[in-house]
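Letter by letter, the chains look like this.
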Amino acid sequence: MTGWTADRIPDQRGRVAVVTGANSGLGLVTATELARHGAHVVLAVRNTTAGEEAARRIGGDVEVRELDLASLDSVRAFAAKLAADHPAIDLLVNNAGVVLLGPRRTSTDGFELQLGTNMLGHFALTGLLLGKLAQAREARVVSLSSITHKNAHLDFDDLMFERDYRAVPAYGRSKLATTIFGVELDRRLRAAGSPIVSALAHPGLTRTNLTPRAWEHRGRLGQLIARFGLLATQSVEQGALPQLRAATEPGVRGGQFFGPSRLRETWGPVTKARLSREAADPAVGKRLWAAAEELTGINYL
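The residue numbering used here restarts from 1 in each chain and proceeds along that chain's sequence as written. For this predicted model, a pLDDT threshold of at least 70 governs which residues receive local features, and a threshold of 80 or more governs which side-chain atom pairs are given and counted, while totals over whole chains, interfaces and linings are taken from all residues. By convention in this description, side-chain values take in all heavy atoms of the structure and omit both hydrogens and water.

Visitor: Would you mind going over the pattern of salt bridges with me for this structure?
Guide: Pairs may arise between side chains of opposite charge once their charged atoms sit close together. Each salt bridge in this description consists of a side-chain nitrogen of Lys or Arg and a carboxyl oxygen of Asp or Glu lying within 4 Å of one another. Evaluated as defined, the whole model comprises 15 salt bridges. For Arg187, the salt bridge identified is with Glu184, shortest N-O distance 2.6 Å. Of this pair, Arg187 and Glu184 both sit in helix 5 (residues 167-191), separated by three residues, roughly a single helical turn. Both residues of the pair, Arg187 and Glu184, count as buried. One salt-bridge network, held together by shared partners, links Asp7, Glu33 and Arg36. Starting at the N terminus, helices and strands are each numbered in turn, a helix being any DSSP run of H or I of at least four residues and a strand any DSSP run of E of at least two. The classification of residues rests on relative accessible area computed with a 1.4 Å probe and restricted to protein chains. Under 20% of the type maximum is buried, over 50% is exposed, and intermediate values are partly exposed.

Visitor: Help me understand the pairing of strand 4 (residues 91-94) in this model?
Guide: Side chains on a regular strand alternate between the two faces of the sheet. What you see with strand 4 is no split at all: Leu91 and Val93 on one side and Leu92 and Asn94 on the other are buried throughout. Here strand 4 pairs with strand 5 (residues 140-144) via four bridges, running parallel. From the neighbouring strand, Val93 faces strand 5, where its bridge partner is Val142. Taken together, strand 4, helix 4 (residues 113-134) and strand 5 form a β-α-β motif whose crossover is right-handed. A pair of strands is labelled paired if DSSP reports no fewer than 2 bridges between them. The path from the first strand over the helix to the second decides the hand: if it runs clockwise while the strands point away from the viewer, the crossover is right-handed.

Visitor: Teacher, can you tell me more about the nonpolar core here?
Guide: In a soluble, globular protein the nonpolar side chains are often hidden away together inside. Grouped together as the largest cluster of nonpolar side chains are 46 residues, with contacts concentrated most on Val18, Phe78, Met119, Leu125, Leu133 and Tyr300. Elements represented by at least two residues in this core include exactly strand 1 (16-20), strand 2 (40-45), helix 3 (72-85), helix 4, helix 5 and helix 11 (282-296). If you tally residues by element for this core, the top one is helix 4, at nine residues. Apart from residues no more than four positions distant in its own chain, Leu133 is found in contact with Ile89, Asp90, Leu91, Leu92, Ala139, Arg140, Val141 and Ile196. To define a nonpolar core, start from buried Ala, Val, Leu, Ile, Met, Phe, Trp, Tyr and Cys residues and group those joined through side-chain atoms within 4.5 Å. By definition, residues are in contact when any of their heavy atoms lie within 4.5 Å.

Visitor: Help me understand the packing of aromatic side chains, please; the structure alone is not making it clear to me.
Guide: Here a Phe, Tyr or Trp ring, Trp counted by its six-membered ring, pairs with any other such ring whose centre lies within 6.5 Å, and the pair is stacked when the planes are under 30 degrees apart, edge-to-face when over 60, and tilted otherwise. Enumeration over the complete set of coordinates arrives at six aromatic pairs. For the pair Phe123 and Trp289, a centre-to-centre distance of 4.9 Å together with 75 degrees between the ring planes defines the contact as edge-to-face. Here the residue Phe123 occupies a position in helix 4, and Trp289 occupies one in helix 11, the gap between them amounting to 166 residues. The exposure class assigned to Phe123 is buried, which follows from its relative accessible area of 0%. Given the relative accessible area of 2%, Trp289 is considered buried. When the centroid spacing of 5.0 Å and the interplanar angle of 40 degrees are considered together, the rings of Phe123 and Tyr300 count as tilted. Of this pair, Phe123 sits in helix 4 while Tyr300 sits in the segment after helix 11, and the two are 177 residues apart along the sequence. Here Phe123 and Tyr300 have matching classes, each one buried. Grouping aromatic residues by their ring pairs yields a cluster made of Phe123, Phe181, Trp289 and Tyr300.

Visitor: Would you take a moment to explain the sheet that holds strand 4 for this structure?
Guide: Strand-to-strand pairing in sheets goes through backbone hydrogen bonds, with the strands running parallel or antiparallel. The mixed open sheet is built from eight strands, whose spatial order is 3-2-1-4-5-6-7-8. Since the sheet does not close on itself, it has two edges, and those belong to strand 3 (62-66) and strand 8 (267-272), each with one partner. Between one strand axis and the next, the sheet turns through 20 degrees on average, direction left out of account. When strand 1 meets strand 2, the two strands line up parallel, connected through five bridges. Note that in strand 2 the partner of Thr20 across the bridge is Ala44. Note on definitions: angles span 0 to 180 degrees between N-to-C directions of axes, and those axes are lines fitted to C-alpha atoms, for helices only across the stretch in contact.

What follows is the structure, given as structure tokens:
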């Protein structure tokens, strides 16, 4: 494959980057490349033992901090400690996520787990760190979308999917919500005259540890499905390039969306991706933002 590569990342020395879910998959590759180019990288992870192992693999200027996005108390504690230790944050990569294809599960706060982790936890984290992002010269927030957002639809009368729960649509909804959040964040930052950039990316179909985990509940059949899925996907190093480009390329504008260029954005070199109509709808963005504020108790912009 040709096109944009991690070698085009400019010097990141002097920048503080926070990457959620940085101990494996896309987050690990993203954190590794940012550290390789000189950034001080905060590995924000639920499992600190795995985080410490990742830090040893990455090397460079990294630190490990505990963050459970499925717990608002954990998000608040993480943000408070981070803000106390760093006067400015240059980059927040909202990478972490869960894919659950079994029965419906809930977060510590009672949210449907995929929505609570993938979107609401990051909504809260971004709001709590916004003041520190504002202290940086060219701060960015990158939200990790998915091509599944294109076929999803939010039901505001059942946002937590309590009726007729189905895991695959629930995941798509969580990623649609994440995408809407990134776009609406851009609108609000621009309206407030903030220089912070909110950009988005998606990895197409990429081999990560989320694929086998998602099928664990199906036993041997699940293992076979997961293995087939891994064969049909691109490498995690390639899949991380869209979010690395969104995070580091000079001149990225608020609201820009990056993803793979081939076969309906499933794989290939990085290009500008397309939002679904619902993801781009300002009315939907405004409504989801209000719901997220009410659910998390965190109000900003």
